[in-house]
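Working through the structure, step by step
The primary structure of each chain is shown beneath.
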Amino acid sequence: MPQMRKRGKFIFGKSIIRESGVIQFPEQAIKEYDIASEGKIYLVTGSKRTGGFCVSRKGLLASSKLGHIFNDNPQLRDYASKEGEFIKYKGRAYAWVSITADGKISLNDEVMQYLKLEKDMKLLSIRSSDIAFTMGAYGPLLEESFKHDSEIKVY
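These lines cover the structure that appears in this document, whether it is placed above or below.

Definitions and limits used
- Residues numbered from 1 in each chain as written.
- Predicted model: local features only at pLDDT ≥ 70, side-chain atom pairs only at ≥ 80, totals over all residues.
- Heavy atoms only, no water.
- Core = buried A, V, L, I, M, F, W, Y, C linked by side-chain atoms within 4.5 Å.
- Buried < 20%, exposed > 50% of the residue type's maximum accessible area, 1.4 Å probe, protein only.
- Helix = DSSP H or I, 4+ residues; strand = E, 2+ residues; numbered from the N terminus.
- Contact = heavy atoms within 4.5 Å.
- Pairing = 2+ DSSP bridges.

**Remarks on the nonpolar core**
Counting 44 residues, the largest nonpolar core has Phe25, Leu43, Phe53 and Ile105 as its most contacted members. At 5 residues, the largest contribution of residues to this core is made by strand E6 (residues 92-98). What Leu43 contacts, discounting residues up to four positions off in sequence, is Phe53, Cys54, Val55, Phe86, Ala93, Tyr94, Ala95, Val97, Ile105, Leu107 and Val111.

Written out as structure tokens, the structure reads:
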């Protein structure tokens, strides 16, 4: 399901937060962002409108206009903070987590609580930019997606 409406955001699919806290990212997002290539990814708190979190990796962030995040937070850059520990910086919070080669992450209860997520919740995978995609938890895009449930692949 590329777009739900003309000139709308590109949708990769929906991911269910499993009872174990595991989330499988959509295949196309994994490939497009080469997201599993480094074995670790960054979760960034989502917007007030969409919630959830944004997903990126060091290779994409470091060379972008957001590379200063690593200069100002070397514990993130070097994965020296605890896995899943959010570090607040300029209005957002950032954490790193491990990712499997096939694009799965596992969120513990603390991370789920921090991101205001619940087990069995469906997250909408949305292309955000060339450096990150969003796993949206609520808002108008998720609401619109319900009208297209039969067209959107669930992971």
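Past the structure itself, the notes keep going.
**Regarding unusual backbone geometry**
At Asp34, a residue that is not glycine, the phi angle is positive and equals roughly 45 degrees. Mapped onto the elements of the fold, Asp34 is located in the loop between helix H1 (27-33) and strand E3 (40-45). Even without glycine at this site, Tyr79 takes up a positive phi of about 55 degrees. Within the secondary structure, Tyr79 is located in the loop between helix H4 (74-77) and strand E5 (87-89).

**A closer look at the pairing of strand E9 (residues 133-136)**
Side-chain alternation along E9 places Phe133 and Met135 on one buried face and Thr134 and Gly136 on a second face that is also buried. Pairing geometry for strand E4 (residues 53-56) and E9, over 3 bridges, is antiparallel. By the bridge assignment for E9, Val55 is matched with Phe133. Pairing analysis gives 4 bridges linking strand E8 (residues 122-127) to E9, with the strands arranged antiparallel. Among the inter-strand pairings, Ile126 is bridged to a residue of E9, identified as Thr134.

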